[in-house]
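Each chain, written out:
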Amino acid sequence: MLSKSDFKIASTCPKKLIYKKASYKTKNDENEYMEMLAKGGHIVSKYAQLMYPDAIEINTESLEKGHEKTKQLLEENENIILFEATFISDGKVVRADILEKVGNVLNIIEVKSKSHDDEEDKAKAIKKQKENIEDVTYQTLVVKELYPEYEIHSFLLLPDKAKRTTIEGLAGWFSSTEMIEEQFEIDELPARNGGNIQRPVIEFKYENYEDRHLYINQLKENHLLTLLNVDKEVVEKIDLIKDRASRFHDILTNGIQPVHFSINKSCKECEFNLGSEQEKNGFRDCWQDLTDTSPNIFDLYHGGSLKSKAGSYLDELIANRTISFWDFDVERFRTADGKYGPRGERQLLQFNQTKENAEYIHPGLKSALECLEYPLHFIDFETYSGAVPHHKGMRAYEKVAFQWSCHTIEKPGGDPVHSEFLNDEYDYPNFRFATTLMNQIGEAGTPLMWSSFENTILKDVLTQMKLYNYVDDILENWLLRITKDKDTKREGRFVDLNDLTLKYYFHPDMKGKTSIKKVLPAIWNNNEYLHSNPWFSKYVSESGPNSNPYDNLEPIYNALENEEVVQDGTGAMRFYHEYMFGTDPLDLDRKAQLRKILLQYCELDTMAMVIVWRYWMDALK
């Protein structure tokens, strides 16, 4: 049968449907699922269900039995609300998050964690929900086939960024107590078959309280979810969705043919690309003898943006089966006026230096570094952005700035001195976050960041001061001086090391990337003398010199004795949420472990900047 998740994955590429049904392994599912967990997507579903306290959940051991149970309840009740109502029609199966029957009307309500802004232009807001609208259109198609005599309406239930909660610690009203096996499918993992997926069990904190209804009323009065009617969009799409569903069902029944799919530049992000793995590697099955071409066209800096007369230059090369990095015509890096723009210059630099297998340091880097005024402050932030806000007054996905790390070098030849902040108080932390940073680095010297993220967060804090009526003239003036703002032509104090990398530095190991996660190992693994520097000794691996310091962070262990470590921002978000709201207050050991793991990750982010800076200074002597 063609499930909603089947339809979703096949819409990105029909060949993926074949791999999914054959239970091929995937590479991104765990990361995407962890991101969903970090942002509270699982909580949104529970939140939505609490808005319908009289609903009945269809909880059966098979889809067929779920279909029969749904049919029975709809026939027996004039008015009823169902969770996971199940419908099977002509080889298609869907489970509706919420189905509301009112007489002869069926309302299909699809719950999603992707945000909506009720204050935004409606056409723009609807456009952002394209994928979700296709989801609910597929459900509507199936229900219409089964119940043509009903009046059917389609809705999305979404976190609304135009609304602010009046509940302090709202995210703490929900907790994940255990992981259980999901026998069917999870929308966030469309490439995975059911039966080998675990999902969290979400509990409502006040579920067993005598005054539970009072908390439910608070959620109803202050809830952040908006019901968006998408009938018009469903009507416009339903014939297209019907044709597509028919094609996908035919593929499942009769097999896939070459006319159904093609390899193209979107394959770069394929979930079924398992690298060097040979067995059940979807990317390898599609690309065959082209799979192991290295370096290849996907390695180019912003290669996907290159155009051709037919559309994409990468697709042109792929169609000709010329996907080696050396198959690029560097003249195609030029803009329409025949010049190399900033992007084209970077692409040309990467091509030439990769060909020579040589590092590149532009002479301008020396003067750029010499202009930095001491003390040097290497700064990194971590933030939380979730569908269900942490604090009173916040909107869905409004950022909580919960952690900073700073390594300061007071003068030439000085050692880096580390300072840090991690919020552990249960009120809105952003102003405390900014104040502690201000008190630490003050007005002297140069604050350094990697990309514009830190600048953006401090600008957000500046805006939040007005929104929350927070008055602190000293903090406000400091924020105005440190941040850059193009609209007001404010220069600010921040210096972006990522920008310096783009302008002045390249190493072939970086390929087309300039993130700190790519630049650090390129420098670290090719300059072993850095490993003997006492500043960096704690990041030297016992397994050998060629390793990424992020891979050497000390793990902690969860309740199942599985190792856990923060290696990216999504991990930091997830662990911070647990640190604040997911840990048993009496489990002091777990709380201490979470604090340790967050601190060591953020500390490495700023030490990574120091390593890069130290190397540049040495290389330019």
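The preceding data block contains the structure.
On a predicted model such as this, the values are computed, not experimentally measured, just so you know.

The rules behind the values
Residues numbered from 1 in each chain as written. Predicted model: local features only at pLDDT ≥ 70, side-chain atom pairs only at ≥ 80, totals over all residues. Heavy atoms only, no water. Helix = DSSP H or I, 4+ residues; strand = E, 2+ residues; numbered from the N terminus. Buried < 20%, exposed > 50% of the residue type's maximum accessible area, 1.4 Å probe, protein only. Areas by Shrake-Rupley, 256 points an atom, 1.4 Å probe, with all protein chains shown as cover. Lys, Arg positive; Asp, Glu negative; His and termini not counted. Charge placed at Lys NZ, Arg CZ, Asp CG, Glu CD. Pairing = 2+ DSSP bridges. Phe/Tyr/Trp six-rings, centres within 6.5 Å; stacked < 30°, edge-to-face > 60°. Core = buried A, V, L, I, M, F, W, Y, C linked by side-chain atoms within 4.5 Å. Contact = heavy atoms within 4.5 Å. Polar contact = N/O pair within 3.5 Å; in protein donor to acceptor, adjacent residues only side chain to side chain. Axes fitted to C-alpha atoms, helices over the stretch in contact; angles between N-to-C directions. Salt bridge = Lys/Arg side-chain N within 4 Å of Asp/Glu carboxyl O.

> Can you tell me about the overall build of the protein chain, naming the residues and giving the values?
In terms of regular secondary structure, the protein chain is built from 20 helices and 19 strands. Looking at the protein chain residue by residue over its 621 residues, the buried ones come to 53%. Only carbon and sulfur atoms are counted for the fraction: they give 47% of the accessible area of the protein chain, which is about 29,500 Å². The averaged location of the 103 negative side-chain charges in the protein chain is 5 Å from the averaged location of its 77 positive side-chain charges.

> So what's going on with the sheet that holds strand β12 (residues 376-384)? Residues and values would help.
Judged by pairing direction, the sheet is mixed, and its five strands sit side by side in the order β14-β13-β12-β15-β16 without closing on themselves. The open sheet has two edge strands, β14 (417-422) and β16 (495-496), and neither has a second partner. The sheet contact formed by β12 and strand β15 (residues 446-449) spans three bridges and is parallel. The partner of His-377 across the bridge, within β15, is Pro-447.

> Could you give an account of the packing of aromatic side chains, naming the residues involved and the relevant values?
Per the stated rule, a full pass over the model turns up 38 aromatic pairs. Measuring from ring centre to ring centre gives 6.2 Å for Tyr-426 and Phe-581, while their planes differ by 65°; the resulting arrangement is edge-to-face. Residue Tyr-426 is found in the loop between β14 and α14 (430-441), and its partner Phe-581 is found in helix α19 (residues 569-582); the two are separated by 155 residues along the sequence. For Phe-581, a relative accessible area of 16% translates into the label buried. Taking the centre distance of 5.8 Å and the plane angle of 85° together, the rings of Trp-535 and Phe-536 count as edge-to-face. For Trp-535, a relative accessible area of 17% corresponds to the buried category. For Phe-536, a relative accessible area of 0% translates into the label buried. An aromatic cluster of three or more residues is present, and its members are Tyr-47, Trp-173, Phe-174, Phe-204, Tyr-206, Tyr-209 and Tyr-215.

> Kindly report on the nonpolar core, identifying the contributing residues and their values.
Ranked by internal contacts, the top residues of the largest apolar core, which has 110 residues, are Phe-174, Leu-219, Leu-458 and Trp-616. Looking at this core, the element that brings in the most residues is helix α20 (residues 588-619), giving 15 residues. In contact with Trp-616, not counting residues within four places along its chain, are Leu-365, Leu-369, Leu-497, Leu-500, Thr-501, Tyr-505 and Ile-523. Membership of the second largest hydrophobic core comes to 36 residues, among which are Phe-7, Ile-58, Tyr-147 and Tyr-150.

> Any chance you could break down the side chain of His-390 for me, citing the residues and the numbers?
Along the chain, His-390 falls in the loop between β12 and β13 (400-409). A distance of 3.0 Å separates a polar atom in the side chain of His-390 from a polar atom in the side chain of His-577. Once you skip the residues sitting within four places of it in the chain, His-390 turns out to touch Glu-168, Gly-169, Leu-170, Ala-171, Tyr-384, Val-400, Tyr-576, His-577 and Phe-581.

> Break down the sheet that holds strand β4 (residues 105-111) for me, with residues and values.
The six strands are arranged β1-β2-β3-β4-β5-β8 in an open sheet whose pairing can be described as mixed. Two strands lie at the open edges of the sheet, namely β1 (56-57) and β8 (225-229), each paired on one side alone. Sheet topology note: the strand β2 (residues 79-89)/strand β3 (residues 92-102) ladder contains ten bridges and is antiparallel. Bridge pairing in β3 links Phe-87 to Val-94. Packing against the sheet, helix α7 (residues 130-146) makes contact with β2, β3, β4 and β5 (151-159), and its axis sits at approximately 80° to β3.

> Report on the pattern of salt bridges, specifying residues and quantitative values.
Going through the model one piece at a time under the given rule, you end up with 35 salt bridges. The closest approach of N and O atoms between Arg-95 and Glu-84, which form a salt bridge, is 3.7 Å. On the criterion of sequence distance, the pair formed by Arg-95 in strand β3 and Glu-84 in strand β2 is long-range, its members being eleven residues apart. Judged by its relative accessible area of 16%, Glu-84 falls in the buried class. A salt bridge links Asp-485 to Lys-459, with the nearest nitrogen and oxygen atoms 3.8 Å apart. Of the two residues, Asp-485 is situated in the loop between α16 (473-482) and β16 and Lys-459 in helix α15 (residues 453-467); the sequence distance between them amounts to 26 residues. In this structure Asp-485 comes out as buried when scored by relative accessible area, which is 12%.

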